[in-house]
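Structural characterization, general
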Amino acid sequence: MLELAILGLLQESPMHGYELRKELATKLGTIRAAISYGTLYPTLKRLQTAGWIGEAESADSEIIPPLTSKRGRVVYKITAEGKERFAELLAQAGPETYDDAGFGVHFAFFSRTDRATRLRILEGRRRRIEERREGLREVLARASDRLDAYTLELQRHGLDACEREVRWLEELITNERSGKSPATATNLKTGTSPAGETPLEHPGPHQDRPQ
């Protein structure tokens, strides 16, 4: 999934390794913890070896902190082959795109994904969370009397998070099928959906998940 995120960011513009680290955190938001930054530079090296990215001429060095390592100062750019690889990854909609990390990275690039693929991923994610929800319901039904108060509360919290995400996914799926986009940033700031309704509260792809 780090491969997809890097290629997607380099599609926008060439970046230093330092910039990539910052943009990954910004782009992926709450799911960035699912990506180990210890794998960033080895992944960049692998993408270079594959011919999907290359080194570009150095850009403005003022944005780089003085103590940044040499490899953090290298400017990377995507190649024509890398753009083809990005398109291939973007079109994937298998089970790996339903899991937390996979779904989050793909969702971050939904604006560049075709609607049919977005729908397959959203529907797959919904099934995955519904399975998780049913598992938590079963635990609560069978073992609630054996759980201490805090463990029981944690299970309830996880169940609530699943239920909210299912509602969120159902709203997204409905919008996709009708050709609508999610609420704009302006709508979200004012607390209204495009139709003027209060949007459903949801935890986002990777918040409040039971471990």
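The name an unreviewed UniProt entry gives the protein chain is PadR family transcriptional regulator, with Actinoplanes nipponensis as the organism.

Some words on the overall build of the protein chain
Looking only at helices and strands, one finds eight helices and three strands in the protein chain. Walking the protein chain from its N terminus toward its C terminus, one meets helices and strands in the order α-β-α-α-β-β-α-α-α-α-α. For the protein chain, contacts bridging at least 24 residues in sequence account for 69% of all contacts bridging at least 6. Accessible surface for the protein chain amounts to roughly 11,900 Å². Of this, 50% is attributable to carbon and sulfur atoms.

Notes on the confidence of the model for the protein chain
The predicted model of the protein chain has a mean per-residue pLDDT of 81, with 75% of residues at 70 or higher. Per-element confidence in the protein chain is highest for helix 4 (residues 80–90), whose mean pLDDT is 97, and lowest for helix 8 (residues 185–190), whose mean pLDDT is 43. Segment residues 188–211: pLDDT under 50, and 51 contacts once partners within four positions in sequence are set aside and those in other chains are kept.

A word on helix 3 (residues 40–50)
Taken as a whole, helix 3 has its buried residues at Leu-40, Tyr-41, Thr-43, Leu-44 and Leu-47. In a view along the axis of helix 3, the buried residues occupy a sector of 155 degrees, so they form one face of it. The exposed residues of helix 3 that point more than 90 degrees off its buried face are Lys-45 and Thr-49. Turning to helix 3, the residues buried within the fold contact helix 1 (2–12), helix 2 (17–28), strand 2 (53–56) and strand 3 (75–78). Just downstream of helix 3, Gly-51 is the residue with a positive phi angle, here 85 degrees.

Describing the sheet that holds strand 1 (residues 15–16)
Read across the open sheet, the three strands follow the order 1-3-2; overall the sheet is antiparallel. Only two strands of the sheet have a single neighbouring strand rather than two, namely strand 1 and strand 2. Looking at chain direction, strand 2 and strand 3 are connected through four bridges and run antiparallel. Looking at the pairing, Ile-53 lines up with Ile-78 of strand 3. On the sheet, helix 1 packs against strand 1, strand 2 and strand 3 and is oriented at approximately 90 degrees with respect to strand 3.

Structural notes on the side chain of Thr-117
Take Thr-117: it is sitting in helix 6 (residues 115–143). A polar side-chain atom of Thr-117 sits 2.9 Å from a polar atom in the side chain of Asp-114. Once you skip the residues sitting within four places of it in the chain, Thr-117 turns out to touch Leu-90, Ala-91, Gln-92 and Ala-93.

Things to note about the packing of helix 1 against helix 4
Two elements in contact, helix 1 and helix 4, have axes whose closest approach is 9 Å; the angle formed by their N-to-C orientations is 125 degrees. In terms of orientation, helix 1 and helix 4 fall into the oblique class. Judged by the twist between their axes, the crossing of helix 1 over helix 4 is left-handed. Touching Glu-3, Leu-4, Leu-7, Gly-8 and Gln-11 of helix 1 are Gly-82, Lys-83, Arg-85, Phe-86, Leu-89 and Leu-90, all from helix 4.

What counts, and at which threshold
- Residues numbered from 1 in each chain as written.
- Predicted model: local features only at pLDDT ≥ 70, side-chain atom pairs only at ≥ 80, totals over all residues.
- Heavy atoms only, no water.
- Helix = DSSP H or I, 4+ residues; strand = E, 2+ residues; numbered from the N terminus.
- Contact = heavy atoms within 4.5 Å.
- Areas by Shrake-Rupley, 256 points an atom, 1.4 Å probe, with all protein chains shown as cover.
- pLDDT = per-residue confidence, 0-100.
- Buried < 20%, exposed > 50% of the residue type's maximum accessible area, 1.4 Å probe, protein only.
- Arc of directions from axis to C-beta.
- Pairing = 2+ DSSP bridges.
- Axes fitted to C-alpha atoms, helices over the stretch in contact; angles between N-to-C directions.
- Polar contact = N/O pair within 3.5 Å; in protein donor to acceptor, adjacent residues only side chain to side chain.
- Parallel < 35°, antiparallel > 145°, perpendicular 65-115°, else oblique.
- Left-handed = near helix turned anticlockwise from the far one by under 90°.

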